[in-house]
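Structural overview for review
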Amino acid sequence: RSFGEGGHALSVHYIRALSDMNAIMLHRLEVVRVFLEQTRGKKPEAGGVAAGAAGAAGGGFAAGMATDGGAAGGQLNAMGMNTMQAAVYDFYMAKKDSENGPHVREVVAAFAARFNERQIMDVIEFLSSEGHIYSTIDDYHYTACA
């Protein structure tokens, strides 16, 4: 977030002790991968970096959060999201041109027929902590990174 003339704030959603220092390097690699996907597009998954990183990350930094989507878990896409997470992310991508991004209530209402509010809130937390979306004017408005 940016407040006025150069003021910045950092929102921390999840803090945990590191048991393996390789988690720091894995996180950095994931940041680079997401950046490249967002700026250059996704590469085909013929054993490339996205598929290899997803397989190698079995017990890594993102693995603990990747399956927190609840009942709509299942297979992960190239960005490490299950079907519910990908659907909510796609919703934010479709609305990324709005200045402040949609309110959380708008997202919950859009998916009310498929998912309950707690599931949507968990997905928003996951997407935010993984850097796919970020809060804009308050903790209830988010927009997609891209």
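The following refers to the structure shown. (Residues numbered from 1 in each chain as written. Predicted model: local features only at pLDDT ≥ 70, side-chain atom pairs only at ≥ 80, totals over all residues. Heavy atoms only, no water.)

1. With respect to the overall build of the protein
Rules: The helix and strand labels rest on DSSP assignments: H or I over at least four residues marks a helix, E over at least two residues marks a strand, and numbering proceeds from the N terminus. Relative accessibility thresholds used throughout: buried, under 20% of the residue-type maximum; exposed, over 50%; partly exposed, between the two (1.4 Å probe, protein chains only). Any two residues whose heavy atoms approach within 4.5 Å at even a single point are treated as in contact. Per-residue and other accessible areas follow the Shrake-Rupley method at a 1.4 Å probe size, with only the shown protein chains counted as cover for residues.
What the protein contains, in helices and strands, is 6 helices and 4 strands. Its helices and strands in sequence order give the protein the pattern β-β-α-α-α-α-α-α-β-β, from N to C terminus. Residue burial in the protein is summarised as follows: out of 146 residues, 34% are buried. Pairs at least 24 residues apart make up 56% of the contacts formed inside the protein by residues separated by at least 6 positions. With the model as given, the accessible surface of the protein reaches about 9100 Å², and the carbon-plus-sulfur share is 56%.

2. A look at the nonpolar core
As a reminder, the rule being used: The definition of a nonpolar core used throughout is a set of buried Ala, Val, Leu, Ile, Met, Phe, Trp, Tyr and Cys residues joined through side-chain atoms within 4.5 Å.
Counting residues in each nonpolar core, the largest one holds 21 residues, and the members touching the most others are Val88, Tyr92, Val107, Phe111, Ile120, Ile124 and Leu127. Of all elements in the fold, only helix 4 (83-94), helix 5 (104-110), helix 6 (117-129) and strand 4 (142-144) reach the threshold of two or more residues within this core. Dropping the residues within four chain positions of it, phenylalanine 111 is found in contact with Ala87, Val88, Phe91 and Ile120.

3. Brief notes about helix 6
Here is the rule: What a helix should span is 1.5 Å times the count of its residues minus one. We define a polar contact as two N or O atoms separated by no more than 3.5 Å, with the added condition that, inside protein, one atom must be a possible hydrogen donor and the other a possible acceptor, whereas residues neighbouring each other in sequence contribute only through side-chain atom pairs.
Between its first and last C-alpha atoms helix 6 spans 18 Å; for 13 residues at 1.5 Å apiece the expected length is 18 Å, and the two agree. Listed as buried for helix 6 are Gln119, Ile120, Val123, Ile124, Phe126, Leu127 and Ser128. Its side-chain oxygen placed 3.1 Å from the backbone nitrogen of arginine 118, asparagine 116 serves as the N-cap of helix 6. Taken from the residues just after helix 6, glycine 131 is the one with a positive phi, measuring 85°.

4. Topic: the packing of aromatic side chains
Note on aromatic pairs: each is described by the distance of the centres and the angle between the planes. To keep things clear, this is the line we draw: Any two rings among Phe, Tyr and Trp, with Trp reduced to its six-membered ring, count as a pair given centres within 6.5 Å; such a pair is stacked if its planes are under 30 degrees apart, edge-to-face if over 60, and tilted if neither.
Taken as a whole and assessed by the stated rule, the structure comprises 4 aromatic pairs. Between phenylalanine 91 and phenylalanine 111, the ring centres sit 5.8 Å apart and the planes meet at 70°, which makes this aromatic pair edge-to-face. Pair noted here: phenylalanine 91 is in helix 4 and phenylalanine 111 is in the loop between helix 5 and helix 6, with a separation of 20 residues, a long-range link. Summarising the burial analysis for this pair, phenylalanine 91 and phenylalanine 111 share the class buried. Ring-pair connections join several aromatic residues into one group, and the members of that group are Phe91, Tyr92, Phe111, Phe115 and Tyr142.

Don't take any of this as a statement about function, it's just geometry.
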